[in-house]
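Okay, here's what each chain looks like letter by letter:
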Amino acid sequence: MQQLLTNIKNCTLCEPHLALGANPVVRASKDSRVVIIGQAPGTKVHASGIPWDDASGKQLRKWMNVTDEQFYNEDIFAIIPMGFCYPGKGSSGDLPPRKECAPKWHKPLFDLMPNIELIILIGMYAQNYYLEDKAKRTLTETVDNYPEYLPEYFVLPHPSPRNRFWLTKNPWFEKNVVPELQKRVASIIK
């Protein structure tokens, strides 16, 4: 596992396409039990090298009801984005994650993590990649139908502060989905 993580952290495959250069962000252990698959690091995470070290990460930890210590314990949580590096700025937020990362690195990582009990898919990029034709037409429909993907996958919207409007428009998410997420995570990390 350590050699694979070193290889990922030294990857420069996409560097010519990255506004801030390559700085792959990933965390995993052979003992990881929950895998969090999000989009790609933002500028703050690119600078710190610490995944989910931003407002989105605080919200995600709140949704899961875990402490920073639990969240950053690699024997509990593996953090594997769809794109390991900051992809750059787009017209309405960050660019999509680079398409090279997941096909190259995800399977080798999963092959070295035999104890996975839950994979949390955050946002449409992760959901479309892993759920393929089982993903619904929209993220809202996919998240609303989260029980269909259990027990292997738990689907979530992105916890970004930019999604406040989505959360306001979909109060069922925090009322029904978040408690189920907390229950499942608690049962794994007990």
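Residues numbered from 1 in each chain as written. Predicted model: local features only at pLDDT ≥ 70, side-chain atom pairs only at ≥ 80, totals over all residues. Heavy atoms only, no water.

What is the right way to read the overall build of the chain from this model?
A count of helices and strands for the chain gives nine helices and six strands. Taken along its principal axes, the extent of the C-alpha atoms in the chain is 40 × 40 × 35 Å. Relative to its 190 residues, the chain shows a buried fraction of 48%. The long-range fraction of contacts in the chain, counting pairs at least 24 apart against all pairs at least 6 apart in sequence, stands at 70%. Of the roughly 9700 Å² of accessible surface on the chain, 50% is carried by carbon and sulfur atoms. The distance from the centre of the 23 positive side-chain charges to the centre of the 20 negative ones in the chain is 4 Å. (Helix = DSSP H or I, 4+ residues; strand = E, 2+ residues; numbered from the N terminus. Buried < 20%, exposed > 50% of the residue type's maximum accessible area, 1.4 Å probe, protein only. Contact = heavy atoms within 4.5 Å. Areas by Shrake-Rupley, 256 points an atom, 1.4 Å probe, with all protein chains shown as cover. Lys, Arg positive; Asp, Glu negative; His and termini not counted. Charge placed at Lys NZ, Arg CZ, Asp CG, Glu CD.)

How should the pairing of strand β1 (residues 34-37) be read in this particular structure?
It is a general feature of regular strands that their side chains alternate between the two faces of the sheet. Here β1 shows two buried faces, one formed by Val34 and Ile36 and the other by Val35 and Ile37. Across three bridges, β1 lies against strand β2 (residues 77-79) in parallel orientation. Counted as the bridge partner of valine 34 is phenylalanine 77 from β2. Sheet topology note: the β1/strand β5 (residues 118-122) ladder contains four bridges and is parallel. Among the inter-strand pairings, valine 34 is bridged to a residue of β5, identified as leucine 118. (Pairing = 2+ DSSP bridges.)

Please clarify how the packing of helix α1 (residues 2-9) against helix α5 (residues 101-111) should be interpreted in this entry.
Any two packed helices are characterised by how steeply their axes cross, that is the angle between the axes, and by the distance between the axes. Following both chains from N to C, one finds α1 and α5 inclined at 165°, their axes separated by 10 Å at the closest point. If you check the angle between α1 and α5, you find them roughly antiparallel. Judged by the twist between their axes, the crossing of α1 over α5 is left-handed. Contact residues: α1 offers Leu4, Leu5, Asn7 and Ile8, while α5 offers Trp105, Pro108 and Leu109. (Axes fitted to C-alpha atoms, helices over the stretch in contact; angles between N-to-C directions. Parallel < 35°, antiparallel > 145°, perpendicular 65-115°, else oblique. Left-handed = near helix turned anticlockwise from the far one by under 90°.)

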